[in-house]
Amino acid sequence: LKAGGDSRAFSQRWKQYDMLKDLLAKYEKKNYVLMGDLNTTGFNIKDEDGEKFQDFLLETSSFSISEKLECTSYWDGRDED
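Everything numeric here is computed off the predicted structure, so don't read it as measured data.

## Topic: the overall build of the protein chain
Along its length, the protein chain carries two helices and zero strands. Counting every position in the protein chain, which comprises 81 residues, the buried fraction comes to 22%. In the protein chain, 52% of the contacts between residues at least 6 apart in sequence involve partners at least 24 apart. Of the roughly 6800 Å² of accessible surface on the protein chain, a fraction of 51% belongs to carbon and sulfur atoms.

As structure tokens, then:
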């Protein structure tokens, strides 16, 4: 999903959550695994983006298996190395 911690990135990512909700609704009676870099920049600090991610999980009857993990890698966007 869209990376970034600014309001524009949040907005795009939240639209992507809606797209995923529509997709997952087609498989309501099935088990699924959604894997990837979801770029939930607010997950650990519980900001608005983290809340939207939690809403996404609740609305899709999903859960994250990385709930107890700290951020494993962070790129602030300034360095290219």
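## A short note on the packing of aromatic side chains
All told, the structure shown has four aromatic pairs when counted by the stated rule. With a centroid separation of 5.6 Å and an interplanar angle of 35°, the aromatic rings of Phe10 and Trp14 are classed as tilted. Of this pair, Phe10 and Trp14 both sit in helix H1 (residues 7-25), four residues apart, which is roughly one turn of the helix. Between Tyr17 and Phe53, the aromatic rings sit 6.1 Å apart at their centres with planes inclined by 45°, giving tilted as the arrangement. Pair noted here: Tyr17 is in helix H1 and Phe53 is in helix H2 (residues 48-59), with a separation of 36 residues, a long-range link. On the accessibility criterion, Phe53 (5% relative accessible area) is buried. Through a chain of ring-to-ring contacts, three or more aromatic side chains come together here, namely Tyr17, Phe53 and Phe56. Taking the ring centre of Trp14 as reference, the NZ or CZ of Lys52 above it sits at 4.8 Å.

## Re the side chain of Thr60
Summarising the element assignment, Thr60 is placed in the segment after H2. You can call Thr60 buried: its relative accessible area is 12%. Of the polar contacts made by the side chain of Thr60, one reaches the backbone oxygen of Phe56; its length is 2.8 Å. Discounting residues that sit within four places of it in the chain, Thr60 has contacts with Lys21, Leu24 and Tyr32.

Procedures and definitions
- Residues numbered from 1 in each chain as written.
- Predicted model: local features only at pLDDT ≥ 70, side-chain atom pairs only at ≥ 80, totals over all residues.
- Heavy atoms only, no water.
- Helix = DSSP H or I, 4+ residues; strand = E, 2+ residues; numbered from the N terminus.
- Buried < 20%, exposed > 50% of the residue type's maximum accessible area, 1.4 Å probe, protein only.
- Contact = heavy atoms within 4.5 Å.
- Areas by Shrake-Rupley, 256 points an atom, 1.4 Å probe, with all protein chains shown as cover.
- Phe/Tyr/Trp six-rings, centres within 6.5 Å; stacked < 30°, edge-to-face > 60°.
- Lys NZ or Arg CZ within 6 Å of the ring centre and 35° of its normal.
- Polar contact = N/O pair within 3.5 Å; in protein donor to acceptor, adjacent residues only side chain to side chain.

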